[in-house]
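# Structural overview
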Amino acid sequence: MTTSLLMSDTLREDVLQWLKQEVPEKRLRHILRVEEMAIALAQHHGLSVALVQQAGLMHDLAKCFPPKQLLAVAEAEGWTLDPAEVACPHLLHAPVGAVVARDTFGVSDERVLKAISNHTLGSPDMDAISCVVYLADALEPGRGDTLKLQRLRDQSYRNLQGAVYETCVFSLQHLLENRRPIHPRTILTHNGFLNARHCQHSVDSAA
Ligand SMILES: [Fe+2]
Ligand SMILES: [Fe+2]
């Protein structure tokens, strides 16, 4: 069922107080822009605003965790790490953020936890809530105002899956141009959305 209700004020205030201790002001402003864009996309696409807002607000909970802490959580959770994550533990801030959301803020909705976990690398089976948070993180206004970004933002309102595909291509191009390692899941996300990009967004069960 589609609902336009926002998340509870109490939970939002708790998360904000925690974030103020854990991330610098600049990061907090990014998080609030992601929350705002995610809400706008959720309203436009008829998704649960409260769930999308929770994921947007909590997507970067572990952004400033040091590598040791990220690896310790991964070990405690029993995750098998990809070599790219061993080389760059920062990639783990997304799934570790979901663990913090679960354990510190009592988030139990799998759609929210997955959206937090998927926000950096995506996933070929992302539902609409995950797509919205992935796009809001990559395209929020603080990312810049180039023609390419404006087009991706416009597309995110027209076709969620198409926008995920194009944003994934944009991200891959950036990684290649900067000679950065590419996590295999980014490739899987690309391939998964390559064929899905012509489908309408509204088929998703996350509404
Ligand atoms: Fe992030
Ligand atoms: Fe982010």
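Residues numbered from 1 in each chain as written. Chains lettered and ligands numbered in written order. Predicted model: local features only at pLDDT ≥ 70, side-chain atom pairs only at ≥ 80, totals over all residues.

### Observations concerning the overall build of the protein chain
Quick note on the threshold: We count a stretch as a helix when DSSP gives it H or I for four or more residues in a row; a strand needs E for two or more, and each element gets its number in order from the N terminus. Computation of the radius of gyration draws on C-alpha atoms, with the globule rule given as 2.2 Å multiplied by the number of residues to the power 0.38. Partly exposed residues are those whose C-beta has more than 12 but fewer than 20 other C-beta atoms within 10 Å; 20 or more makes a residue buried and 12 or fewer makes it exposed, with C-beta atoms placed from the backbone. In this description, any two residues whose backbone-derived C-beta atoms lie within 7 Å of each other are considered to be in contact.
Across its full length, the protein chain holds 11 helices and zero strands. Reading the secondary structure of the protein chain in the N-to-C direction produces α-α-α-α-α-α-α-α-α-α-α. Taken over C-alpha atoms, the radius of gyration comes to 16 Å for the protein chain, in line with the 17 Å a tight globule of 207 residues would show. Principal-axis analysis of the C-alpha atoms gives the protein chain an extent of 40 × 40 × 30 Å. Out of the 207 residues belonging to the protein chain, those deemed buried represent 42%. For the protein chain, restricting intrachain contacts to residue pairs at least 6 apart in sequence, the fraction spanning at least 24 positions comes to 67%.

### Details of the nonpolar core
Taken as a class, soluble globular proteins show a tendency for nonpolar side chains to be buried jointly. Our working definition: As used here, a nonpolar core is made of buried Ala, Val, Leu, Ile, Met, Phe, Trp, Tyr and Cys residues. They are joined through C-beta atoms within 7 Å.
Core analysis: the largest hydrophobic core is formed by 53 residues, its most contacted members being Ala-38, Val-52, Val-132, Leu-135 and Val-164. Sorting the residues of this core by element identifies α1 (9–22), α2 (25–45), α3 (49–58), α4 (67–77), α6 (93–105), α7 (110–117), α8 (128–139) and α10 (160–177) as the ones contributing at least two each. Looking at this core element by element, the count peaks at 10 residues for α8.

### Some details on the packing of α10 against helix α11 (residues 184–196)
The condition that has to hold: Lines fitted to the C-alpha atoms define the axes, with helices restricted to the stretch that makes contact. Angles between their N-to-C directions range from 0 to 180 degrees. We call a crossing left-handed when the near helix sits turned anticlockwise from the far one by less than a right angle, and right-handed when that turn is clockwise. Side-chain classes are defined by residue name, with Ala, Val, Leu, Ile, Met, Phe, Trp, Tyr, Cys and Pro counting as nonpolar, Asp, Glu, Lys and Arg as charged, and the others, Gly among them, as polar.
Contact geometry of α10 with α11 gives a least axis separation of 9 Å together with a crossing angle of 145°. For the pair α10 and α11, the crossing hand works out as left-handed. Mapping the contact onto sequence places Gln-161, Val-164, Tyr-165, Cys-168, Val-169, Ser-171 and Leu-172 in α10 and Thr-186, Thr-189, His-190, Phe-193, Leu-194 and Ala-196 in α11. Residues belonging to the contact of α10 with α11 are distributed by class as follows: eight nonpolar, five polar and no charged.

### Regarding helix α9 (residues 147–158)
To keep things clear, this is the line we draw: Multiplying 1.5 Å by the helix residue count minus one yields the expected span of that helix. What the arc measures is the spread of directions leading from the helix axis to the C-beta atoms.
A rise of 1.5 Å per residue sets the reference length of α9, with its 12 residues, at 16 Å; its end C-alpha atoms lie 17 Å apart and thus fit the reference within 8%. For α9, every residue scored as buried is listed here: Leu-152, Arg-153 and Ser-156. Angularly, the buried residues of α9 cover 100° about the axis, an arc narrow enough to put them on a single face. The exposed residues of α9 that point more than 90 degrees off its buried face are Leu-147, Gln-150, Asp-154 and Arg-158. In this structure, the buried side of α9 is in contact with α2, α8 and α10.

### Looking at unusual backbone geometry
For Arg-179, which is not glycine, the phi dihedral falls at a positive 55°. Tracing the sequence through the fold places Arg-179 in the loop between α10 and α11. Using a count of 6 C-beta atoms within 10 Å as the deciding quantity, one classes Arg-179 as exposed.

### Observations concerning the confidence of the model for the protein chain
Keep this limit in mind: The predictor's confidence in any single residue is recorded as pLDDT, a number from 0 to 100.
For the protein chain, per-residue confidence averages 94 on the pLDDT scale, and 94% of positions sit at 70 or higher. Of the regions scoring below 50 in pLDDT, residues 201–207 engages in 17 contacts with residues more than four places distant in sequence or in other chains.

### A look at the environment of Val-15
Structurally, the position occupied by Val-15 is in helix α1. Separated by 42 residues in sequence, Val-15 and Leu-57 have C-alpha atoms that sit 7.8 Å apart.

### Here we look at the environment of Asp-14
Tracing the sequence through the fold places Asp-14 in helix α1. Given 14 C-beta atoms within 10 Å, Asp-14 falls into the partly exposed group. The spacing of Asp-14 and Arg-180 is 166 residues in sequence and 36 Å in space, taken between C-alpha atoms.

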